[in-house]
Amino acid sequence: MTRAPQSSHDPGASALPADRIVQIEALPVLPRWLFVRVETAQGAVGWGEATLEGHVEAVTGALDAMRDRLIGHDPDRIEDAWQLCHRLGFYRGGPVLLSAIAGVDQALWDIKARKLGVPVYQLLGGRVRDRIPVYAWIGGDRPADVAEAARARIAQGFTAVKMNGTEDIGWLDSPRAVDALAARIGEVRATGIDVGVDFHGRVHQPMARTILRAIEPLGPLFAEEIVLGDNPDVFARLAGFSSVPLALGERLYSRWDFRPFFESGALDIAQPDLAHAGGLSEGRRIAAMAETYDVAFAPHCPIGPIALAACLHLAAATPNFVIQEVSMGIHYNAASADLTALMRNPELFAIERGSIAVPERPGLGVEIDEAAVRAMAATPHRWRNPAWRGPHGELREW
Ligand SMILES: [Mg+2]
């Protein structure tokens, strides 16, 4: 007997679900985000974020295909929807598919918690802390610029920041490049603020040890993506080289991607992005896995408000969580496209004493300005990261 094409759920002999997903919309918004709106037959609406910067068209396409699986599915069966999208497509994993799943996953948690009238963290076991420590970004290339930016963050209530360790850097660059980056980090530390240093995968093995040794006396909170996660063996060899905690994870998309980093013992801080790595459901599993290896959990989030809210709920309920990235006032976004530009309740992310209160509104707690989102999504952005080249025309990591 031939089966009808898979619609979504397979009701079998059981009755139709109490509610069912009737619409999944992908809405690209500035500065470079992708929101996902899910609606049910009973009129429940949830929002998720499937932002994968520079790849909005690919994720939108993946979401389009997922409609064939999910329209008609019971929105309360979040795990079943996750497994359906991840496993039933035969090909699985990677940033595009897991960002698409992330957007739907977050929206389904939003819907379920709103229906029950509770914040999402209550469905994750309740809170294990009262406030969520956060850090913001500082930009600037010269030591005086970064020190001034750090002082501005202190004035805003932050106690920790993150900065780029370097702009572009060669596979084997001049020792002067290392001196310059150490000077910039030193100026920021001198303001009294804690600083995480993001190397953005720009450094390659020949420079990595020298850089870790150079920044070690400055006491950074962590070194992020000192090398790309494409090379777990190189990353593992760097672990014993300095006392600087090694962080990584924004370009790992599932528990299977994280596994070799946990097993090697090299990773100190796991940084999955809940918009790239399968949403709240997979983020929670990665956090629990990290705990079994004594690894801290610090979700990556230089993106939009829905992804941040998902991070805050998971942080509230996760014992090994340490600190949350926020994109508020990030140097490369216009003020008109900042973190809270598309939400009606920006107070959700109020910073006080270096932290944000655990969100107490039902669902993820973000009230989206839907009219503004729809108006913006009518002309989809086509954001691309810049292509950097070194002094001889060679491509460098962005
Ligand atoms: Mg990073």
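Look up a bit, the structure's there.
Residues numbered from 1 in each chain as written. Predicted model: local features only at pLDDT ≥ 70, side-chain atom pairs only at ≥ 80, totals over all residues. Heavy atoms only, no water.

A. Geometry of the overall build of the protein chain. When you go through the protein chain residue by residue, the secondary structure sums to 12 helices and 14 strands. For 398 residues, the compact-globule estimate of 2.2 N^0.38 gives 21 Å, and the C-alpha radius of gyration of the protein chain, at 21 Å, lies within 12% of that figure. Dimensions of the protein chain along its principal axes, counting C-alpha atoms only, are 70 × 45 × 40 Å. Taken across its 398 residues, the protein chain has 54% of its residues classed as buried. The contacts of the protein chain with a sequence gap of at least 6 include a subset with a gap of at least 24, amounting to 71%. Summing over all exposed atoms, the protein chain offers an accessible surface of approximately 16500 Å²; the carbon and sulfur share of this is 52%. (Helix = DSSP H or I, 4+ residues; strand = E, 2+ residues; numbered from the N terminus. Rg over C-alpha atoms; globule rule 2.2 N^0.38 Å. Buried < 20%, exposed > 50% of the residue type's maximum accessible area, 1.4 Å probe, protein only. Contact = heavy atoms within 4.5 Å. Areas by Shrake-Rupley, 256 points an atom, 1.4 Å probe, with all protein chains shown as cover.)

B. Up close: the coordination of the magnesium ion. Protein ligation of the magnesium ion involves Asp198 (OD), Glu224 (OE) and Glu250 (OE), the donor distances falling in the range 2.0 to 2.3 Å. Read in sequence order, the donor residues for the magnesium ion give the motif D-x25-E-x25-E. Taken together, the residues span a long stretch of sequence, with Asp198 in strand 6 (residues 194–198) and Glu224 in strand 7 (residues 223–224) at a distance of 26 residues. The buried category is assigned to Glu224, whose relative accessible area is 0%. (Donors = N, O, S within 2.8 Å, 3.2 Å for Na, K, Ca; no water.)

C. Just the nonpolar core, in detail. If you look at the biggest cluster of nonpolar residues, it comprises 76 residues, and the most contacted ones within it are Phe35, Leu63, Leu280 and Phe349. Formed by 40 residues, the second largest nonpolar core is a distinct cluster that contains Ile185, Val197, Leu246 and Ala266. (Core = buried A, V, L, I, M, F, W, Y, C linked by side-chain atoms within 4.5 Å.)

D. Just the pattern of salt bridges, in detail. A full pass over the atoms with the stated rule returns 29 salt bridges. Among the salt bridges present, the one from Glu25 reaches Arg37, with a minimum N-O distance of 3.3 Å. Remark: Arg37 occurs in strand 2 (residues 33–40) and Glu25 occurs in strand 1 (residues 21–29); sequence separation between them is 12 residues. Residue classification places Glu25 among the buried residues on the basis of a relative accessible area of 17%. Given the relative accessible area of 8%, Arg37 is considered buried. The shortest N-O distance in the salt bridge between Asp80 and Arg77 comes to 3.3 Å. The network of salt bridges with shared partners includes Glu25, Arg37, Glu39, Glu370 and Arg374. (Salt bridge = Lys/Arg side-chain N within 4 Å of Asp/Glu carboxyl O.)

E. Structural detail: the packing of helix 3 (residues 95–116) against helix 10 (residues 279–292). It is the contact of helix 3 with helix 10, at a shortest axis distance of 6 Å, that shows an interaxial angle of 95°. Regarding the angle of helix 3 to helix 10, the classification is roughly perpendicular. Residues Ala102, Asp105, Gln106 and Trp109 of helix 3 pack against Gly279, Leu280 and Ser281 of helix 10. Here the residues of the contact of helix 3 with helix 10 are counted per class, giving 3 nonpolar, 3 polar and 1 charged. (Axes fitted to C-alpha atoms, helices over the stretch in contact; angles between N-to-C directions. Parallel < 35°, antiparallel > 145°, perpendicular 65-115°, else oblique. Nonpolar A, V, L, I, M, F, W, Y, C, P; charged D, E, K, R; others polar.)

F. Examining the sheet that holds strand 2 more closely. With antiparallel pairing, the 3 strands of this open sheet are ordered in space as 1-2-3. Of all the strands in the sheet, the pair left with one neighbour each is strand 1 and strand 3 (45–49). Here the average twist between neighbouring strands, direction ignored, is 20°. Sheet analysis places strand 1 next to strand 2, joined by 8 bridges and oriented antiparallel. Across the sheet, the residue bridging to Val29 is Trp33, located in strand 2. Packing of helix 1 (residues 56–70) onto the sheet brings it into contact with strand 1 and strand 2, and relative to strand 1 it is tilted by some 180°. (Pairing = 2+ DSSP bridges.)

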